Each structure stands twice: as C-alpha cells, then as structure tokens.
Amino acid sequence: MHEIHYEAPTSLEQAVGILAKHGDSARPICGGTDLLIQMRAGVRRPHYVVDVKHIAALTGIAFDPKSGLRLGAAAPCIEIFENATLRRHYPGLVEAAHLIGSLQIQSRASVGGNLCNGSPAADTTPALIALGAVARLVGPKGERQVKVEEFVVSPGRTVIQPGELLVELLIPPPPPHSADAYIRFIPRNEMDIAVVGIGAAITLEGDRCTAARIGMGAVAPTPLFAAKASQALVGKKFDAVAIENAAQLAIEQASPIDDMRGTAEFRRHLVGVLTRRTLERAAERARRN
Ligand SMILES: Cc1cc2nc3c(=O)[nH]c(=O)nc-3n(C[C@H](O)[C@H](O)[C@H](O)COP(=O)(O)OP(=O)(O)OC[C@H]3O[C@@H](n4cnc5c(N)ncnc54)[C@H](O)[C@@H]3O)c2cc1C
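Residues numbered from 1 in each chain as written. Predicted model: local features only at pLDDT ≥ 70, side-chain atom pairs only at ≥ 80, totals over all residues.

### Brief notes about the domain arrangement of the chain
Inference 1: Taken domain by domain, the chain comprises domain 1 (5-51), domain 2 (65-171) and domain 3 (178-288).
Inference 2: Distance between the C-alpha centres of domain 1 and domain 3: 35 Å. (Domains from an automatic or database assignment.)

Here's what the structure looks like:
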C-alpha cells in the first residue's frame, strides 16, 4: 500500500496549484465512484488525490434562458435529477444522469467525473454531445474550451493535461420547440454498463426538423457525434423516412467491437433501434415545448 495524500482545496487557484506541482502523481477526485475503484484495483496509483467538491465553481448548477446551463463538473447526478429546471429544459441529460449506478452512486457521481474518466460507454457523454455541450478547463497555462465530442481521445484518455481541471460544462439554451432524450440498452434492468447509448436533441418547426444532434456511446473507442445522421435530418420533414435514414447513417458511422456485453453486429442493430427511439422520444417532447 503506497502513501496517499488527500488535499481539499477551496479555490480553483489552489487546486490548479496542487495539481500542477505534483503533475502525473496527482489526480482530481470528485465522487470517487470510478477513481477509488481504479485505485483499489491498482489501475491508477496517484500519490495526491485532490478533492474538487469544495470549490464553488465546480459544484454550481445555473440556468439562464438566454445563455443556457452552466453545470459544475462536480455537481452530483442526484442534484441534476432533482432539479426541476433541468428536468424541464434538458430531460435527456437528466435521464442519462439518473441511469448511473444506484441512488447511492448518483449521490456521489458527477457528470464531470463521468466525462473525465474517458469511458466510451459513459452514459452522460452522448447526452452532452447531443446538447452541443462545451467543457471549460482551467490549468496552469490558463483557460480553454473543448467540445465534448472532442474531449475523449481514446478509452480512458482525455484532452486534459497535467495540472488541468474540468471546471464546468457549458450547454446552450434549448431553442423553442426543441427537446432532448437519452436511451441506452443494458441486458439487466439497472446497474450495468451501456451496450449502446444514444442521445438526441432536435428542434421542430411544424413538421420540419430545423436542428438535430445525435451522440453515440459504446459504439467506438470514444463517444461519437453522429454528424452525418444529424445533418441528414435538418431541413427535412420529420417523418419515418427521415428517422430511418438517420438511423442507417448512424449505423454506418458506428465501429463497435465484440465483447462480453454484445457482438459488434448486435451493437450495430442497437444503434438503429435506439436512434429511432431516441429521436421519436425527443420529437414527442419537442412538440410539447
Ligand atoms: C456501482 C457502479 C455503477 C455505475 N454505473 C454507471 C452507469 O450506469 N453509467 C455510467 O456511465 N457510469 C457508471 N459508473 C461509473 C461512475 O459512477 C461514473 O463514471 C461517474 O459519473 C464518475 O463520477 P465521479 O464524480 O465519481 O468521478 P471520479 O471517480 O471522482 O473521477 C473519475 C475520473 O475523472 C477525473 N476527474 C474527476 N473530476 C475531474 C475534474 N473536475 N477535472 C479533471 N479530472 C477529473 C478523476 O481523476 C478520475 O480519473 C458506475 C460506477 C459504479 C461504482
């Protein structure tokens, strides 16, 4: 057992200072629902864990109808689920956050941790991609913003540099007549990792689709933005033909693997099924907005 120092800074400057000083031997910890398990398994062996839950900039949830949502990286999933404003404006993100583990896990786990862990199967990442979310990072060299679809670079690896911290996720305000949705497939009812997860956000004007974004999880080494499938919907009548076309384009972009949770062929089939269902669910909500 190696020695581990626990740090609990209360400001962003302090946190970045500690992380920058210790480089690769330091790691931020949020809910710890990924990191502690990885440490126990010996996959990660940080000498410094920097608890970011005491920094106000990382725990806030603030919605403004004009500028959208600022979601603190460390805000626990349960607060997202219980937030009436988020349930109203970002139901897909809420359903993704509410799928993570159990209520106990959701009381600890954060959307920021879900993204920074870099899993291709993370549930909230496709939902964030569908919403066009941008990650705000702060580090020793200053601040930068990265689109969520560019954040994970390979399984377990992200764009985060030593010393950097994900502070918050910036999510645009939902336009009128728009909505999002997230659906995943798991072989059990709960407490499992997505075999495939699809997030979608669409805007409708009458029977036309004027904007669409589809995010996909567990179908490639990183979560994906289904650009062609999304673009194919825009400007078209939103009907069964358009939905099927988008589903086929999403299947074409997916490059899943065979593993213990499902074959690549089964995953491609699921991409089609879940893309159709997620788009239909988002559209049903959009028509009410
Ligand atoms: C029983 C169980 C069930 C689970 N079920 C699901 C599920 O259904 N779906 C799913 O997607 N996941 C699931 N998970 C995985 C995990 O709960 C999620 O990935 C969770 O969102 C991680 O958040 P966290 O705050 O606990 O992250 P942590 O474990 O604290 O951190 C995760 C990683 O991100 C880094 N990190 C954390 N915060 C920051 C930051 N602000 N800046 C930079 N780096 C940071 C850490 O160093 C670490 O590498 C499950 C885990 C368990 C134990």
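After that view, the rundown keeps rolling.
### Points about the packing of helix H11 (residues 240-253) against helix H12 (residues 264-288)
Inference 1: Where H11 meets H12, the axes come as close as 8 Å, and the angle between the chain directions of the two elements is 140°. Relative to H12, H11 is oriented oblique. Note that H11 runs across H12; the crossing there is right-handed. For the pair H11 and H12, the contacting residues are Ile243, Ala246, Ala247, Ala250 and Ile251 in the first and Arg268, Val271, Gly272, Thr275, Arg276, Leu279 and Glu280 in the second.
Inference 2: Across the contact of H11 with H12, the residue classes break down as seven nonpolar, two polar and three charged. (Axes fitted to C-alpha atoms, helices over the stretch in contact; angles between N-to-C directions. Helix = DSSP H or I, 4+ residues; strand = E, 2+ residues; numbered from the N terminus. Parallel < 35°, antiparallel > 145°, perpendicular 65-115°, else oblique. Left-handed = near helix turned anticlockwise from the far one by under 90°. Contact = placed C-beta atoms within 7 Å. Nonpolar A, V, L, I, M, F, W, Y, C, P; charged D, E, K, R; others polar.)

### Examining the site of the ligand
Inference 1: Surveying the vicinity of the ligand reveals 32 residues, the closest of which are Gly31, Gly101, Gly113, Asn114 and Cys116.
Inference 2: Listed by contribution, the elements that provide at least two residues to the shell around the ligand are strand E2 (26-29), helix H2 (35-40), helix H7 (103-108), helix H8 (111-116) and strand E10 (165-171).
Inference 3: Ranked by the residues each element gives to the shell around the ligand, the list is headed by H8, at four residues.
Inference 4: Two domains share the shell around the ligand, each providing at least three of its residues, namely domain 1 (5-51) and domain 2 (65-171). (Near = placed C-beta within 6 Å.)

### Points about the pairing of strand E12 (residues 196-205)
Inference 1: Summarising burial for E12: nine of the 10 residues are buried, a large majority.
Inference 2: As defined by bridge partners, strand E11 (residues 178-185) adjoins E12 across eight bridges and the pair is classed as antiparallel. Paired with Asp180 across the two strands is Ala201, which belongs to E12.
Inference 3: Bridge analysis of E12 against strand E13 (residues 208-217) gives nine bridges, and the strand direction is antiparallel. (Buried ≥ 20, exposed ≤ 12 C-beta atoms within 10 Å, placed from the backbone. Pairing = 2+ DSSP bridges.)

### Some thoughts on the sheet that holds strand E4 (residues 61-64)
Inference 1: Taken in spatial order, the five strands of this open sheet run E4-E5-E10-E6-E7, and their pairing is antiparallel. Two strands bound the open sheet, and with one partner strand each, they are E4 and strand E7 (142-147). Neighbour-to-neighbour, the strand axes of the sheet open up by a mean angle of 20°, direction not taken into account.
Inference 2: Summarising the sheet, strand E5 (residues 68-72) and E10 pair through four bridges and their orientation is antiparallel. Note that in E10 the partner of Leu69 across the bridge is Ile171.
Inference 3: Contacts between helix H1 (residues 12-22) and the sheet are confined to strand E6 (134-139) and E10, with E10 contributing the most and set at about 130° to the helix.

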